[in-house]
Amino acid sequence: TKNDEFKPSIFGTLKQYEFKVLNRYGEQMFYSKAISKGWDGKLKAKDQNLNVFVWICTYQLEGQMVNVEKGTVILMR
């Protein structure tokens, strides 16, 4: 299957949210505070090469502490 955007799935009432994707050099490829927006594998409208990228999602659900989740994603075309 083809995924056009990469974004987290979080269920609950959000008080705070930010999602970013970095390349292996730490350069920010994507950043959003809107849960509806995901990374499309591009930087400034330019397709990025096949590679492994790091993602970091910081969020807070109502009545809970701030959570930070991290991982990697492989970009394939």
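Our structure is the block above this text.
The following paragraphs examine the structure supplied in this document. Every chain is numbered on its own, with residues counted from 1 as its sequence reads. Confidence filtering applies because this is a predicted model: local features only for residues at pLDDT of at least 70, side-chain atom pairs given and counted only at 80 or more, and all residues used for totals across whole chains, interfaces and linings. Based on all heavy atoms of the structure, the side-chain values leave hydrogens and waters out of the count.

As for the overall build of the chain
Next, step 1: Where helices and strands are cited, they refer to DSSP runs of H or I of at least four residues and of E of at least two residues respectively, numbered from the N terminus. Per the secondary structure count, the chain includes zero helices and six strands.
Next, step 2: Start at the N end of the chain and walk to the C end: the helices and strands fall as β-β-β-β-β-β.
Next, step 3: Note on classification: 1.4 Å probe, protein chains only; a residue is buried when its accessible area is under 20% of the maximum for its type, exposed when over 50%, partly exposed between these limits. In the chain, which comprises 77 residues, the proportion classed as buried is 34%.
Next, step 4: In what follows, a contact means two residues having at least one pair of non-hydrogen atoms within 4.5 Å. Sequence separation of 24 or more characterises 49% of the internal contacts of the chain that already satisfy a separation of 6 or more.
Next, step 5: The Shrake-Rupley method, run with a 1.4 Å probe, gives the accessible areas here. Residue values count only the displayed protein chains as cover. Summed over all atoms, the accessible surface of the chain reaches about 5700 Å², with 49% contributed by carbon and sulfur.
Next, step 6: Neither His nor the chain ends contribute to the count of charged residues, in which Lys and Arg are positive and Asp and Glu negative. Charge placement uses NZ in Lys and CZ in Arg. For Asp and Glu, CG and CD serve respectively. If the 12 positive side-chain charges of the chain are averaged to one point and the 8 negative ones to another, these points end up 4 Å apart.

Section: the nonpolar core
Next, step 1: Core analysis: the largest hydrophobic core is formed by 15 residues, its most contacted members being Phe19, Val21, Trp39, Phe53 and Cys57.
Next, step 2: Put simply, the parts of the chain that give this core at least two residues each are strand 1 (14-22), strand 2 (28-32), strand 5 (51-61) and strand 6 (66-75).
Next, step 3: Element by element, the count of residues in this core is highest for strand 5, at five residues.
Next, step 4: Excluding anything up to four places from it in sequence, Val21 contacts Glu27, Gln28, Met29, Phe30, Trp39, Phe53, Val54 and Trp55. In these notes, a set of buried Ala, Val, Leu, Ile, Met, Phe, Trp, Tyr and Cys residues joined through side-chain atoms within 4.5 Å is what counts as a nonpolar core.

Focus on unusual backbone geometry
Next, step 1: In this model, Lys44 sits at a positive phi of 50°, which is unusual for a non-glycine residue.
Next, step 2: Along the chain, the position of Lys44 falls in the loop between strand 3 (42-43) and strand 4 (46-47).
Next, step 3: A positive phi angle, near 70°, is found at Ala45, a position not held by glycine.
Next, step 4: By relative accessible area, Ala45 is classed as exposed at 70%.

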